[in-house]
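# A structural walkthrough
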Amino acid sequence: MLQTLRRIVQEVNSTRDLSLVLEIIVRRVKEAIDADVCSIYLFDENETTFTLMATDGLNSELVGQVQMAHGAGLVSLVAQRADPLNLDDAQEHPRFKLFTSLNEECYHGFTGIPITHHREVLGVLVAQSESRVRFSQDVVNFLVTIAAQLAGSIINAQATRQIPVYSTQDVSKIRQDYRPMSGQPGSSGVAVGKAVSIASSVSLGAVPDRPVENIDDEINIFRSALESVRKDIKSLSFQLLSDGLPTEDVAVFDAYLLMLDSNTLIESTINKIKRGNWAAGALRETISEHIELFGEMDNPYLQERAKDIRDLGQGIFNQMQGINDLPVDKLSNDTIIVAEDISATLLAEIAKINISGIVLKSGSRTSHVAILARAMGIPTVVGVSELPIMQLDGSQLVADGYSGKVYISPPEHIIKEYSRLISQEKELSQELRELTDKPATTLDGINIPLYANTGLVADITPSKESGAEGIGLYRTEYPFMIRQRFPGEEEQSKIYGEVMTAMAPKPVVLRTLDIGGDKSLSYFPIEEDNPFLGWRGIRVTLDHPEIFMIQLRAMLLASKGLNNLQILFPMISTVGEVEDSIKLLERAYDELLAEGHKINKPKVGVMVEVPSIVFQMRRIASIVDFVSIGTNDLIQYLMAVDRNNANVAELYESLNPAVLIAIKLVIDEAHKENIPVSVCGEMAGDPLAALLLVGMSIDSLSTSAASLPRIKWMIRNCSQSEAQELVEKALVMKDAYVIKNMLTNSLEKKGLGGLIRAGR
Ligand code: PEP
Ligand code: MG
């Protein structure tokens, strides 16, 4: 069964057309379980009906025509209960509804399995038999397994259905009843533009068709990729043989070479290019035809060959990708980049061109790509798990970085609505710019300094222009990430010095190296099963005092004559770690004094990111100068939700009462020791959450330069006493949803509704 299951899933995943996907499923499943009928009904939200989408066994002429109202028939019963139904005689069941035209009269045995994706029933997989017997439990289990695996593929294919193959397709012909794809807000703002897909690590199977301009060029691209792969394979095989590997083990490479030289592969691809498809699309078609041929056969040896062909195709495609990595010539200011994920360096390269937005399949609001995009002010949607990356290339997109929605080839009215929003935004930004030199003081006179978060020296100008009163969080890992080795004392000192000089006399909080988790250094790989619960932040630097001391000394040296340095320790989970870190800092300081440097002692703070120290706040506050709450991680660890995992992103909620209670506890306990508390996580840049932080008597906030003006506007238009009342109400509320509603209403009543959209 497992093998059959794998085969079906594989076949489905390599097919892009929804109706074909469904046909494959019903055909293969019927065969596998030896049923008389297998059908799929999908739920249509607009019509609130279930439509027969594919069948093997019933009258297939009625596919797309038979509709069952929600609440009638066995199919909808399965969906309502979201539970399998297994009957020996369906016709005896009170909910049975006969569709005579389907030729269903002769079938009695019935099992219906809901197809569910993220708690939503998408449809029902039905098997029927002539005999009056229930399907065996084994069959039901198999169908449940297959339905669970196929839900994602169906969603994917459903989404693809909305997408024109070629960008020239008339938008008005696209179905109007589609829904946008859902992701997570990555960076505020709205982008309307054309998708440019980036094919990094994309599987050949997902490559789209694309019309070709110069056929000869495409043929050359294909041929030169073939040649490179051929050379690689030859040298690899030679290498392995000289390393003493037995010839028979290396024989597979000979097979690869034979395949590469096979006329069918070369001719078939070239013919497809000549018919107008680009090299990668033509290759995908050829390879999938070959795979299908072998995959059809049940002989395990031949099936292995199908795998070889797939690998080989991927190798050729990768070579081609090397030829056009970043399509720089295709980027313009109405480009929306669409990708699985992009690295910080690629983002930096892309940002040089003033693109309009970014949509990513992976990531979440607090992943580092999103943080960088926010710092750069690029509207971004992340975690769109259904995103068919390569098929989107050239399509018109609307990316809503506030709600996390992505509209593909939307109808005119949606484009108009969002374009209107973009112009409103521009006006609001203008108003916000006028606040730059004004203080962040509440209506009742409480001053809450706003600092900027950064990690790039290049960010300093926007930070200063945003009116930040200093840098509240400088993530030092970026300078480490873009190098091939650990930067030395002098190198680091130079970087920190640039930041501190640019901001002086305003304070700069330098955070010590916070690697591990999702931030890795190519030259210092950390491989763990649970990296977020592993060797991260201060745990790494305390275990490597030589690395830590260089950084501490570099920071202190850079502060010479400036005296605006504050040092922050990340990922603290015990009091002992704080004590040990302070000891090392003192050692570094004493060393420098002994070497004759005149340096002032910096203030020292800890980040509150791990729940354990929430409960030891009073003691911690008694040994540090300030506390900074890193809500990105604090929420992750409090809620046990991986901050980068799109599957659980809905649970990641800064307004969850448990999060608010923890933050209030930190502020209250630290204040008992007269220690100021700041929030430097993304929560500080969300006007609704920031309003509550004001009510909890937060001392300062640190956020991206892009969100800072809005937060200032909110602070200048609210009073701390009002905010305190909101906190009291929020802390006894059930969940984030009701808290959000209360805060939204309150801001709207004050005429600050524009901020809410802008900040979420
Ligand atoms: C945080 O965890 O809130 C934080 C600011 O640190 P980072 O996002 O760099 O992990
Ligand atoms: Mg953190």
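Just above sits the structure.
Anyway, here's the lowdown on the structure attached to this text. Everything quoted here is computed from the prediction, not taken from an experiment.

### Focus on the overall build of the chain
Scanning the chain from terminus to terminus reveals 27 helices and 22 strands. By residue count, 54% of the 760 residues in the chain fall in the buried class. Put simply, 66% of the contacts in the chain that link residues at least 6 apart link residues at least 24 apart.

### Some details on the coordination of the magnesium ion (ligand 2)
Six octahedral donors at a metal ideally form angles of 90 or 180 degrees, and four tetrahedral donors ideally form angles of 109.5 degrees. Listed as protein donors to the magnesium ion (ligand 2) are E609 (OE) and D633 (OD); their distances from the metal cover 2.0 Å. With E609 in the loop between strand 19 (603–608) and helix 19 (611–614) and D633 in helix 21 (residues 631–639), this pair connects stretches of sequence that are 24 residues apart.

### Topic: unusual backbone geometry
Looking along the chain, the bond that leaves A504 and enters P505 is cis, with omega of 5°. Looking at the secondary structure, you find P505 in the loop between helix 15 (489–503) and strand 17 (508–511). Located in the positive-phi region is N103, a residue other than glycine, with phi close to 60°. Take N103: it is sitting in the loop between strand 4 (85–87) and strand 5 (109–117). With phi around 60°, M571 is a residue other than glycine that occupies positive phi space. The residue M571 is located in the loop between strand 18 (565–569) and helix 18 (575–594) in this model. Overall, M571 belongs to the buried group, its relative accessible area being 1%.

### Looking at the pairing of strand 15 (residues 450–454)
Most of strand 15 is tucked away: five of the five residues are buried. A two-sided burial pattern is seen for strand 15, the buried positions comprising L450, A452 and T454 on one face and Y451 and N453 on the other. Here three bridges tie strand 15 to strand 22 (residues 700–703), and the two strands are oriented parallel to one another. Across the sheet, L450 pairs through a bridge with L701, a residue of strand 22. Strand direction decides the pairing type here: strand 15 and strand 16 (residues 471–475), joined by three bridges, are parallel. Considered in strand 16, the bridge of N453 is made with L473.

### Thoughts on the pattern of salt bridges
A complete count under the given rule lists 25 salt bridges for this structure. When the shortest N-O distance is used, the salt bridge between E31 and R28 registers 3.9 Å. Placement of both E31 and R28 in helix 2 (residues 18–33) is noted, with a separation of three residues, approximately one turn of the helix. A relative accessible area of 11% places R28 in the buried class. The salt bridge partner of R485 is E491, with a shortest N-O separation of 3.1 Å. Here the salt bridges do not stand alone but share partners, grouping E477, R511, D514, R536, D633 and R643 into one network.

### What about the side chain of T335?
With respect to the helices, strands and loops of the structure, T335 is situated in strand 10 (residues 335–339). Residue T335 is classed as buried on the basis of its relative accessible area, which comes to 1%. Those residues in contact with T335, other than ones at most four positions away along the chain, are K194, V196, K330, I355, S356 and G357.

### Let's talk about the sheet that holds strand 5
Read from one edge of the open sheet, six strands run 3-2-1-6-5-4, paired in antiparallel fashion. Each end of this open sheet is capped by a strand with a single partner; those strands are strand 3 (67–69) and strand 4. With strand direction ignored, the average angle separating the axes of adjacent strands in the sheet is 20°. Strand direction decides the pairing type here: strand 4 and strand 5, joined by three bridges, are antiparallel. Following the sheet pairing, L87 is matched in strand 5 by F110. Helix-sheet contacts for helix 2 involve strand 1 (37–44), strand 2 (49–56) and strand 6 (120–129), and the interaxial angle to strand 1 is about 145°.

### What to know about the sheet that holds strand 21 (residues 677–679)
The eight strands lie next to each other as 15-16-17-18-19-20-21-22, forming a closed barrel whose pairing is parallel. Going across the sheet, the axis of each strand differs from the next one's by a mean of 25°, ignoring polarity. Against the sheet, helix 17 (residues 545–558) makes contact with strand 17 and strand 18, and its axis sits at roughly 155° relative to strand 18, the strand it touches most. Strand contacts of helix 18: strand 18 and strand 19, with the helix running at about 145° to strand 18, the strand carrying the most contacts.

### What to know about the site of ligand 1
In the vicinity of ligand 1, 17 residues are found, and the nearest of them are R475, R511, G630, N632 and R643. The separation between an oxygen atom of ligand 1 and a polar side-chain atom of R475 is 2.7 Å. In the model, an oxygen atom of ligand 1 is placed 3.0 Å from a nitrogen or oxygen of the D633 side chain. When isolated, ligand 1 has an accessible area of 290 Å², and the protein chains bury 100% of it. Counting only elements with at least two residues in the shell around ligand 1, the list comes to helix 11 (368–376), strand 16 and helix 21.

What counts, and where the lines are drawn
Residues numbered from 1 in each chain as written. Chains lettered and ligands numbered in written order. Predicted model: local features only at pLDDT ≥ 70, side-chain atom pairs only at ≥ 80, totals over all residues. Heavy atoms only, no water. Helix = DSSP H or I, 4+ residues; strand = E, 2+ residues; numbered from the N terminus. Buried < 20%, exposed > 50% of the residue type's maximum accessible area, 1.4 Å probe, protein only. Contact = heavy atoms within 4.5 Å. Donors = N, O, S within 2.8 Å, 3.2 Å for Na, K, Ca; no water. Pairing = 2+ DSSP bridges. Salt bridge = Lys/Arg side-chain N within 4 Å of Asp/Glu carboxyl O. Axes fitted to C-alpha atoms, helices over the stretch in contact; angles between N-to-C directions. Near = heavy atom within 4 Å. Polar contact = N/O pair within 3.5 Å; in protein donor to acceptor, adjacent residues only side chain to side chain. Areas by Shrake-Rupley, 256 points an atom, 1.4 Å probe, with all protein chains shown as cover.

All we've got here are geometric facts, nothing functional implied.
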